[in-house]
Amino acid sequence: MISAILFISFFIFLILGVPIGICLGLSSVCAILYSGTSLTIVATNMYSGISKFLLLAIPFFVLSGNIMAKAGISKRLIKFVDTCVGHKKGGIAIVCVIVACFFGAISGSGVATASAVGGTTIPAMKEEGYPDHFAAAISGIAAILGPIIPPSITLIVYASITDLSVSKLFVGSVIPGILMAVGLIIYALFYGKKNDLPAHERKSAKEVLLIFKDSIWALLMPVIILGGIFGGIFTPTESAAVAVVYALLVSLLIYKDIKIKDIPGIFVDGAISTATILMLVGISKSSGYVITTSGLPHQVLEVFSSFTNSTVVILLLLNILFLVIGMLMEANAAIIMMTPILLPLLDAFGIDPLQFGIMMSFNLCIGLVTPPVGICLLMTNQIAEARFVQTLKSVMPMLIIGVVVLMLVTYIPQVTTFLPGLIK
């Protein structure tokens, strides 16, 4: 009954238009009051939820992404990648996907990737005659590479709940991210040839070298971050701090794209984004307490077990569940709410928590381009000034690519476990 109070009150507050983080907190308070437990448990759990060294990575990665978006780092990445692949039909669309990978390897955020990469590539695509709906679609779905390619804020949140190694989660998400990026690049090439999209003139070796020299500091940023994590030089949290310092030094002293007076505004934007995420994480400990003490995880396990004993079917049902949740709820909030409920199910059916975490994160990231939430697609559609219905039609083939990669992640464990095992 306690868990029923939690979920019923949550959806009532949600329908009333209360922000999702506040919904989660208020519904936890309702359930705790119903159970007769002291409300001091809320404050205790919130503090324990956010007082983790690992979570310091979130504000630093958010801040590094904000600095990169405000400075000319992303523009230089786009310019360099364009010299390499811009001579292909549909080249700017390919540039959009590749630069989203680079940007994701710095910020870990889909929204930041959509804003920074889409804000530059969409006008360029429209100027060269690309359909506005296709420009919005390709940049919107490329943005989900931000939280898939490591470092990923959603995986940091998952690691904070399960106490898994965030470094292993990052390494495990590399292959799924690459598969998604390759699939989008192949589709962009196909679309470019089919619709005879314009291509840039191939640059000479001298021009490529000059642009490379100008872009080298921007290109080194993801190399330093990921190389440091995977090489064991520093932890993910330390790498996030390194990313901020590096971005500031490059932006202020080398490229000189931002001024000292711009820094307070960048920090305020980062603080607002961070507060939203960490508030969710803190409140989640209270809702997790309610869920655990109510016995809901074991009830869910019994329901699933009575329905089927097949791990294949269980994974399929979980994917369908998360695809629906991703359409309605922000990814971090969904991970926070569903992970404590499903952990006993993973143990019972022998599902690797590392594989499941990456599968769930990938699945929920697809929700960034599926309405009614679909915030990345809404953002890029607004930048492109396209009709949203047309943008939805354009994004459908790319969503199919995403679902195919999701199935590979779900049913071929080696896609996510091979690299962590190799490095170990």
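Our structure is the block above this text.
So, a few notes on the structure that sits alongside this text. The model shown is predicted, which means the values in this text are computed figures rather than measured ones.

### Some details on the pattern of salt bridges
Summed over the entire model, instances satisfying the criterion amount to three salt bridges. The partner of D214 in a salt bridge is R76, and the shortest N-O contact between them spans 3.4 Å. Of the two residues, D214 sits in helix α13 (residues 205-230) while R76 sits in helix α5 (residues 73-85), which places them 138 residues apart along the sequence. Since its relative accessible area comes to 33%, D214 is described here as partly exposed. Take R76: its relative accessible area is 16%, and that puts it in the buried class. R76 is the salt-bridge partner of D257, the closest N and O atoms lying 2.8 Å from each other. Highlighted residues: D257 in the loop between α14 (236-254) and α15 (263-294) and R76 in helix α5, separated in sequence by 181 residues. Beyond isolated ion pairs, a larger network of salt bridges with shared partners links R76, D214 and D257.

### Brief notes about unusual backbone geometry
Of note, the bond from P150 into P151 is cis; its omega dihedral lies within 30 degrees of zero at 0°. At K256, a position not held by glycine, the phi torsion is positive, near 55°. Within the secondary structure layout, K256 lies in the loop between α14 and α15. In this model, E385 sits at a positive phi of 55°, which is unusual for a non-glycine residue. Examined against the element boundaries, E385 turns out to sit in the loop between α20 (375-384) and α21 (388-411).

### What about the packing of aromatic side chains?
This structure, assessed with the given rule, holds six aromatic pairs. Look at F134 and Y191: their rings are 3.9 Å apart centre to centre, the planes differ by 0°, and that puts the pair in the stacked class. With a gap of 57 residues between them, F134 in helix α8 (residues 132-142) and Y191 in helix α12 (residues 174-194) connect regions that are remote in the sequence. Comparing F134 with Y191 shows no difference in burial state: the two are buried. Put simply, the rings of Y130, F134, Y187, F190 and Y191 touch in pairs and so form one group of aromatic residues. A cation over an aromatic ring shows up here: R76 above the ring of Y255, its NZ or CZ 3.7 Å from the ring centre.

### Section: the packing of helix α4 (residues 57-70) against helix α10 (residues 153-162)
Relative placement of two packed helices is described by the angle separating their axes and the distance separating the axes. Axis separation between α4 and α10 bottoms out at 10 Å; the angle between their running directions is 175°. The angle between α4 and α10 places the two elements in the roughly antiparallel class. Residue-level inspection shows A57, I58, F61 and V62 of α4 in contact with α10, the latter providing I153, I156 and V157. Grouping the constituent residues of the contact of α4 with α10 by class yields seven nonpolar, no polar and no charged.

### Brief notes about the environment of L6
Tracing the backbone shows L6 in helix α1 (residues 2-15). Taking C-alpha positions, L6 is 47 Å from Y191, a pair spaced 185 residues apart along the chain. Ignoring sequence-local partners within four residues, the contact set of L6 consists of S27, S28, A31, S287, V290 and I291.

### A short note on the environment of P397
If you trace the backbone, P397 turns up in helix α21. In this structure, the C-alpha to C-alpha distance between P397 and I224, residues 173 residues apart in sequence, is 34 Å.

### Some points on the side chain of N319
Along the chain, the position of N319 falls in helix α17 (residues 311-328). The contacts of N319, once residues within four sequence positions are left out, are M359, N363, L406, M407 and T410.

Conventions and cut-offs
Residues numbered from 1 in each chain as written. Predicted model: local features only at pLDDT ≥ 70, side-chain atom pairs only at ≥ 80, totals over all residues. Heavy atoms only, no water. Salt bridge = Lys/Arg side-chain N within 4 Å of Asp/Glu carboxyl O. Helix = DSSP H or I, 4+ residues; strand = E, 2+ residues; numbered from the N terminus. Buried < 20%, exposed > 50% of the residue type's maximum accessible area, 1.4 Å probe, protein only. Phe/Tyr/Trp six-rings, centres within 6.5 Å; stacked < 30°, edge-to-face > 60°. Lys NZ or Arg CZ within 6 Å of the ring centre and 35° of its normal. Axes fitted to C-alpha atoms, helices over the stretch in contact; angles between N-to-C directions. Parallel < 35°, antiparallel > 145°, perpendicular 65-115°, else oblique. Contact = heavy atoms within 4.5 Å. Nonpolar A, V, L, I, M, F, W, Y, C, P; charged D, E, K, R; others polar.

Interpretation in functional terms is not warranted from these geometric data alone.
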